[in-house]
Amino acid sequence: MSNEAAILETSLGPSLRRWRVLNRIKQEALADDLGVSQSRISRWESGLAQPDGAERLKITRLLRARPETAADRALLDLVTQASVPVHLVCDLTHRLLAISPARAREWHLPVAQFMNRPLWRFASQSIREMEFQLVDRGWFEPLPADIVYGTEPADFPEMFIPESRIRISRLPLSDGSFVRLVREAPRGTEPA
């Protein structure tokens, strides 16, 4: 199993539950829409079971970030106009949704080659390790705290990730999906 698939498995259940609660959808109604039993939804949300390929695809499509409203697009505009290195990804799929010019300068290829594509393959070892800790750190709770951690440099042919302290924030979009704001932590902020 790839790291990306493993991460999706650890985050899919909590993400599904959070989306369902925010959208005030009962497990039974979601089960009817997906063509499964209510108990299967419950097992997915609790992590006792994982959806199969077709079910996983339906859930991922349901939960992936779709910034469609004016408020959501304003968030994307703020990121693209930021003067500091920052980018915004779908919290579930890690698809790039917006990037600041300062962050784009760290990358070796034009931003268009990254937009709406998952960035997971560019994660450093520290980023991958933190990803597996998100559930334990309350990332999927109603009001998650930002997470700050250190990462080592990683130089890929497509982009460079400098050694830095990263601050990630989980933000809801209008449809109940979530995005992750990724930026450098201010000086004096200790890594987790």
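Residues numbered from 1 in each chain as written. Predicted model: local features only at pLDDT ≥ 70, side-chain atom pairs only at ≥ 80, totals over all residues. Heavy atoms only, no water.

Some thoughts on the overall build of the chain
Of regular secondary structure, the chain possesses seven helices and seven strands. Across the chain, helices and strands are ordered from the amino to the carboxyl terminus as α-α-α-α-α-β-β-α-α-β-β-β-β-β. Relative to the globule expectation of 16 Å for 192 residues, the C-alpha radius of gyration of the chain, 17 Å, shows essentially globular dimensions. Over its C-alpha atoms, taken along the principal directions, the chain stretches across nearly 50 × 35 × 30 Å. Here the chain holds 192 residues, and the buried ones make up 47% of them. Within the chain, contacts between residues separated by at least 24 positions form 52% of all contacts whose residues are at least 6 apart in sequence. Accessible surface for the chain amounts to roughly 10000 Å². Of this, 52% is attributable to carbon and sulfur atoms. Each charge class in the chain can be summarised by its mean position, and for the 26 positive and 25 negative side chains these summaries are 3 Å apart. (Helix = DSSP H or I, 4+ residues; strand = E, 2+ residues; numbered from the N terminus. Rg over C-alpha atoms; globule rule 2.2 N^0.38 Å. Buried < 20%, exposed > 50% of the residue type's maximum accessible area, 1.4 Å probe, protein only. Contact = heavy atoms within 4.5 Å. Areas by Shrake-Rupley, 256 points an atom, 1.4 Å probe, with all protein chains shown as cover. Lys, Arg positive; Asp, Glu negative; His and termini not counted. Charge placed at Lys NZ, Arg CZ, Asp CG, Glu CD.)

Side note on helix α5 (residues 70-80)
Along α5, the residues classified as buried are Asp 72, Leu 75, Leu 76 and Val 79. Taken around the axis of α5, the buried residues stretch over an arc of 95 degrees, which confines them to a single face. Opposite the buried face of α5, by more than 90 degrees, sit the exposed residues Ala 70, Ala 71 and Leu 78. Looking at the buried side of α5, the elements it contacts are β1 (86-90), β2 (96-99), β6 (164-172) and β7 (178-184). (Arc of directions from axis to C-beta.)

Focus on the nonpolar core
Counting residues in hydrophobic clusters, the biggest one holds 25 residues, and the most contacted among them are Leu 34, Ile 41, Trp 44, Ile 59, Leu 63, Leu 88 and Val 179. Elements supplying a minimum of two residues to this core: α1 (3-22), α2 (27-34), α3 (38-46), α4 (53-63), α5, β1, β2 and β7. For Ile 59, the contacting residues outside a window of four places in its chain are Leu 12, Leu 16, Leu 34, Trp 44 and Pro 51. The next biggest cluster of nonpolar side chains, apart from the first, holds twelve residues, and it includes Met 130, Leu 134, Trp 139 and Ile 166. (Core = buried A, V, L, I, M, F, W, Y, C linked by side-chain atoms within 4.5 Å.)

Some points on the pairing of strand β3 (residues 147-151)
Burial within β3 is extensive, with four of its five residues counted as buried. As paired strands, β3 and β6 are joined by five bridges and run antiparallel to one another. Among the inter-strand pairings, Gly 150 is bridged to a residue of β6, identified as Arg 165. (Pairing = 2+ DSSP bridges.)

Considering the sheet that holds β1
Pairing is antiparallel across the open sheet formed by five strands, whose spatial order is β2-β1-β7-β6-β3. Looking at which strands have only one partner, the edges of the open sheet turn out to be β2 and β3. For this sheet, the mean inter-axis angle between neighbouring strands, taken without regard to orientation, is 25 degrees. In the packing of α5 onto the sheet, the strands contacted are β1, β2, β6 and β7, and the crossing angle to β2 comes to about 50 degrees. (Axes fitted to C-alpha atoms, helices over the stretch in contact; angles between N-to-C directions.)

Digging into the side chain of Glu 158
Within the secondary structure, Glu 158 sits in the loop between β4 (154-155) and β5 (160-161). Residues in contact with Glu 158, not counting those within four places in the same chain, are Trp 107, His 108, Leu 109, Phe 114, Arg 121 and Phe 122.

Side note on the packing of aromatic side chains
The description of two aromatic rings rests on the distance between their centres and on the angle between their planes. Taken as a whole, this structure holds three aromatic pairs when the rule is applied. Measuring from centroid to centroid gives 5.9 Å for Phe 114 and Phe 122, while their planes differ by 70 degrees, and the two rings are edge-to-face. Note on Phe 122: relative accessible area 3%, which makes it buried. One aromatic cluster is present, built from ring pairs that chain together Trp 107, Phe 114, Phe 122 and Phe 156. Between the NZ or CZ atom of Arg 170 and the centre of the ring of Phe 178, over which it lies, the distance is 3.8 Å. (Phe/Tyr/Trp six-rings, centres within 6.5 Å; stacked < 30°, edge-to-face > 60°. Lys NZ or Arg CZ within 6 Å of the ring centre and 35° of its normal.)

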